[in-house]
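Notes for the structure review
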Amino acid sequence: MAAIRSNAARKRLLALVLEELANDETFQIADIIATTSSAIAAMACTMYSMPKQTADRTTGFVERTVPGYADMEFKQHFRMKRSDFEDLCSWIAPSLPKERKISVERKVLATLWYLGSTETFRIIGDRFNMSKGSMHRVLHTVCSALVGQQQQCIKWPDVTQMECSAQEFQEKCGFPDVIGVIDATDIHIPDPNEKRCSYVNGTGNTSIQLQVVCNQRLLFLDVYTGWPGSVHDAQVFCSSTLGRKLDRNGLPRRFHLLGDSAYPLTNYLMVPFRDNGHLSTVQRKFNEALLSTHVEVERAIGLLKGKFHRLRYLEMLAVDMMPVIILAACVLHNFIITSSGIDEGDIEQVQRRQQEDYQEQPAISAQAKRMTIAYQLA
């Protein structure tokens, strides 16, 4: 305390000296510079000789506080059951670099806290007794490890699984031969340093896109992210690995995906009839059945963002790191559903992307297939 008071007194003395010198017209500018420099140098010596202040970090949070959480409290903070967390650590531990300083459990807990909250890196680092730099490194390491397990957790169905999905979709929603529902959502981000205009979406906010396909259990079958928010959903789909694969090979048998009017009508992707004010009763019923089934993907996205609040606004400057964070959250989404099912209380309403309908003329065979399904539903 004495050192701090002495330092404050020196600052006040320096301010008085500078004020007197400024008012003394006989004092030459060279003298002012010399005097000021000497005073600053003396004060700097005193300041650097003071004891170094240490960061105010939480100690014992992982070792004492977290083990004391009740099961419900643990789930609220870390977005999954304690037993699922333990399984998650065992699952990804082999993919994480071994180090004694930060345990696997601490790394995973800090990452889950980051994804499930909107706290800053510094606050989360303090909570888990890590520096801001260490928190950045841990997040990147754990999320990269999760993305490395993506193919084990986010899987495209085989024909047998397609049959099961089609049957469950029809029993639940009434629409025949559906194996999945596709949609895109905006992940809002700060203004990028470069090419900001390309990231401005239909609502005037900056974002990157996340395209997902889900089944009737809200499990993701395919995810694709990284495109700027201004790009149309159809362009993103056609550029994606899934879009290119389906364009080459289609889907087996009679199966198809469902999408909204932003997507192209094809034999493997059914979309609503464009409402020009003159739709027939058959066409309207088709649209109603399709849109009531399409709600499932909106629920899946709502569950993803309801679990992982970070995806409401991904406050990062490194645009190239954003897809890793988003994909890691998608892997965790499937991991949690597979382990413990759907928590309806976590599903939130999400704003739909604003954009124009897809305009290109579809193939005659796709139009014929849609009309056939429409008469089946009438």
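Residues numbered from 1 in each chain as written. Predicted model: local features only at pLDDT ≥ 70, side-chain atom pairs only at ≥ 80, totals over all residues. Heavy atoms only, no water.

**Quick notes on the sheet that holds strand β4 (residues 256-258)**
Read from one edge of the open sheet, five strands run β3-β2-β1-β4-β5, paired in mixed fashion. Looking at the sheet topology across the chains shown, the edges are occupied by β3 (220-228) and β5 (269-270). Strand contacts of helix α10 (residues 159-173): β1 (178-188) and β2 (207-214), with the helix running at about 80° to β1, the strand carrying the most contacts. Those strands touched by helix α14 (residues 322-340) are β1, β2 and β3, and its axis lies near 165° from that of β3. (Pairing = 2+ DSSP bridges. Helix = DSSP H or I, 4+ residues; strand = E, 2+ residues; numbered from the N terminus. Contact = heavy atoms within 4.5 Å. Axes fitted to C-alpha atoms, helices over the stretch in contact; angles between N-to-C directions.)

**A closer look at the pairing of β2**
The buried count for β2 comes to eight of eight residues, which makes it a mostly enclosed element. Side chains of β2 alternate between two faces, with Ser207, Gln209, Gln211 and Val213 and Ile208, Leu210, Val212 and Cys214 buried alike. Pairing of β1 with β2 involves eight bridges; the strand directions are antiparallel. Directly across from Val181, in β2, lies its bridge partner Cys214. (Buried < 20%, exposed > 50% of the residue type's maximum accessible area, 1.4 Å probe, protein only.)

**Overview of the nonpolar core**
Soluble globular proteins tend to pack their nonpolar side chains together in the buried interior. Within the largest apolar cluster, 102 residues are counted, with the highest numbers of intra-cluster contacts made by Phe78, Leu88, Tyr114, Phe128, Phe220, Leu314 and Ile325. Here the element with the most residues in this core is α14; it accounts for 13 residues. Leu314 has contacts with Tyr114, Ile187, His188, Ile189, Pro190, Met322, Ile325 and Ile326, leaving out every residue within four places of it along the chain. (Core = buried A, V, L, I, M, F, W, Y, C linked by side-chain atoms within 4.5 Å.)

**Observations regarding the confidence of the model for the protein**
Residue-level pLDDT values for the protein average 87, and 85% of them are 70 or greater. For the stretch residues 1-6, pLDDT sits under 50, and the model shows two contacts to residues farther than four places along the chain or on other chains. Low pLDDT, under 50, characterises residues 13-55; the predicted model gives this stretch 18 contacts beyond four residues in sequence or across chains. (pLDDT = per-residue confidence, 0-100.)

**Some details on the packing of aromatic side chains**
Two aromatic rings are characterised by how far apart their centres lie and by the angle between their planes. Per the stated rule, a full pass over the model turns up twelve aromatic pairs. Taken together, the ring pairs connect Phe61, Tyr69, Phe74, Phe78, Phe85, Trp113 and Phe128 into an aromatic cluster. Sitting over the face of the ring of Phe61, Arg127 holds its NZ or CZ atom 5.6 Å from the ring centroid. Arg370 extends its terminal NZ or CZ atom over the ring of Phe273, reaching a point 4.1 Å from the ring centre. (Phe/Tyr/Trp six-rings, centres within 6.5 Å; stacked < 30°, edge-to-face > 60°. Lys NZ or Arg CZ within 6 Å of the ring centre and 35° of its normal.)

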